[in-house]
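An overview of the molecular structure
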Amino acid sequence: MKLPIYLDYAATTPVDPRVAEKLMQFLTMDGCFGNPASRSHKFGWQSEEAVEIARAQIAELVNADPREIVFTSGATESNNLAIKGAAQFYHRKGKHLITVKTEHKAVLDAMRALEREGFEVTYLDVEASGLVDLDKLTAAIRPDTTLISIMFVNNEIGVIQDIAAIGELCRSKGIIFHVDAAQATGKVDIDLETLKVDLMSFSGHKTYGPKGIGALYVRRKPRIRLEAQTHGGGHERGMRSGTLATHQIVAMGEAFRIAKEEMHAERERVAVLRDRLLDGIKDIEQVFLNGDAVQRVPGITNVSFNYVEGESLIMALKDIAVSSGSACTSASLEPSYVLRALGLTDELAHSSIRFSIGRYTTEEQIDHTIKIVHDAIGKLRDMSPLWEMYKDGVDLGSVAWVAH
Amino acid sequence: MAYSTKVIDHYENPRNVGSFAKDDPTIATGMVGAPACGDVMKLQLKINDQGIIEDAKFKTYGCGSAIASSSLVTEWVKGKSIDEAALIKNTDIAQELALPPVKIHCSILAEDAIKAAIADYKQRHGN
């Protein structure tokens, strides 16, 4: 077996070979390299046609109109364009925005930037499950609330928010609803004809497409308008200027086409592997699954191994590529803000590992991972004074620690 | 993060992991750090009547550098008098393991663990 084993599909996915094949046809002199904005010759027309096919493929995955898709450089840019663009365009209606503490930094930081422009932002708490409580969201709404931004699938813990219900609430109050769906495409069914979502962000590289490409869904009926954040030649109906990256767009289109075709079979296959992984580690003591046990995507599994520190765990798991909830590599030693928002103690947040499974994960890789995890936890707990105290029945909460 | 080969060696093959019986009068225990900060070190020294450290054991909850720092310290203190052991500086540990700047606190913690163990010994032996 080739080591290390890649179990970090939530960070990024490899490009599907079918996608790479397609991408390469849009680069060189022999290929279709023209500028899709060139209206005066065949090179341009061919590229434009390829872009429009890709736009339709992306729209098809989420049951939208191709004219509602705006290409960007990725979900971060889509989030920025959606949140800042809508907040600024509708600022005369109100200057209050709502989001959730477990959102991606691209949403939280865009909100922070708007606060500096005089907007007020409510950062809503989540339940211990990681889910948003609809009553609490309703209570946070004010007469001057113009936009609510809530992600579809959380990147760290994989929980799925009730986008349908939140959409109904937003629509009934006349509030624009933005959804970051970077982790959702190809994982959950998205139907923008029924969902009352106004803006939705997509990423290429989380769904087996290339990095550096994303899209923003902008609803036409009722029409949502945005203040452009990138000015120039007026591409993408003035919402996002800049020459379209034909090769990346075509690749993202192909990736989303494949996602639509294969997502149901893939979801089942990934769920079987996830169950195998959980089954294999469930006999380890003091292991906790983070986030709602039911309302989640099968690809992301976040668990805390109590009394083991995250970074040393990552070192012990060097043969598997996973993410840790502990940002211990920075000087701040700050544990994941997402896990903290679920109410996890610093210790449990520090000792968390995100396993994310995807298209190329095999049963053999999962079995090897189970073995590596058992060995690592055994070794580190033998070395852990906290584990020793726990085993001796010492209440760690009652110890007077010498903080540093 | 790229660790030095010495850190990796101590992490993969930690020296002197374990615990002595706490109630043994020749054993001094120092525990420093806090779980919330991401590291806790427990260092135990077996000290003879002449004040010489005969043996040392550690248990550490923490990152690779914290484990390596404590493992290294158990090697260094063996055979030293408690006064000599008290002279071990965090900078010596950091230098030996080539710790990156963000991991200097691990070496400080290891120095603190020695000091805490010695303080425990002195307190129990009435000086």
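Thresholds, definitions, all that
- Residues numbered from 1 in each chain as written.
- Chains lettered and ligands numbered in written order.
- Predicted model: local features only at pLDDT ≥ 70, side-chain atom pairs only at ≥ 80, totals over all residues.
- Helix = DSSP H or I, 4+ residues; strand = E, 2+ residues; numbered from the N terminus.
- Rg over C-alpha atoms; globule rule 2.2 N^0.38 Å.
- Buried ≥ 20, exposed ≤ 12 C-beta atoms within 10 Å, placed from the backbone.
- Contact = placed C-beta atoms within 7 Å.
- Pairing = 2+ DSSP bridges.
- Axes fitted to C-alpha atoms, helices over the stretch in contact; angles between N-to-C directions.
- Parallel < 35°, antiparallel > 145°, perpendicular 65-115°, else oblique.
- Left-handed = near helix turned anticlockwise from the far one by under 90°.

Within chain B, the secondary structure is distributed over 5 helices and 3 strands. Written out in order from the N terminus, the α and β elements of chain B read α-β-β-β-α-α-α-α. A compact globule built from 127 residues should have a C-alpha radius of gyration of about 14 Å, and chain B, at 14 Å, falls within 12% of that. Projected onto its principal axes, the C-alpha positions of chain B cover 45 × 30 × 25 Å. For chain B, the proportion of its 127 residues judged to be buried stands at 47%. A fraction of 63% describes how many contacts in chain B between residues 6 or more apart in sequence connect residues 24 or more apart.

Residue and element names in this part refer to chain A. Spatially, β9-β10-β15-β12 is the arrangement adopted by the 4 strands of the open sheet, whose pairing is antiparallel. Each edge of the open sheet carries a strand with a single partner, namely β9 (287-289) and β12 (323-324). The sheet contact formed by β9 and strand β10 (residues 300-305) spans 3 bridges and is antiparallel. What sits directly across from F288, in β10, is S304.

This paragraph deals with the packing of helix α4 (residues 90-97) of chain B against helix α5 (residues 104-124) of chain B. Residue and element names in this part refer to chain B. Two elements in contact, α4 and α5, have axes whose closest approach is 8 Å; the angle formed by their N-to-C orientations is 130°. Relative to α5, the element α4 lies oblique. Handedness of the α4/α5 crossing: right-handed. Contact residues: N90, I93 and A94 in α4; I104, S107, I108, A110 and E111 in α5.

A separate point is unusual backbone geometry. Residue and element names in this part refer to chain A. Here L3 and P4 are connected by a cis peptide whose omega angle stands at -5°. With respect to the secondary-structure elements, P4 resides in the segment before β1 (5-6). The backbone of Y307 shows a phi angle near 70°, a positive value even though the residue is not glycine. For Y307, a count of 25 C-beta atoms within 10 Å puts it in the buried group.

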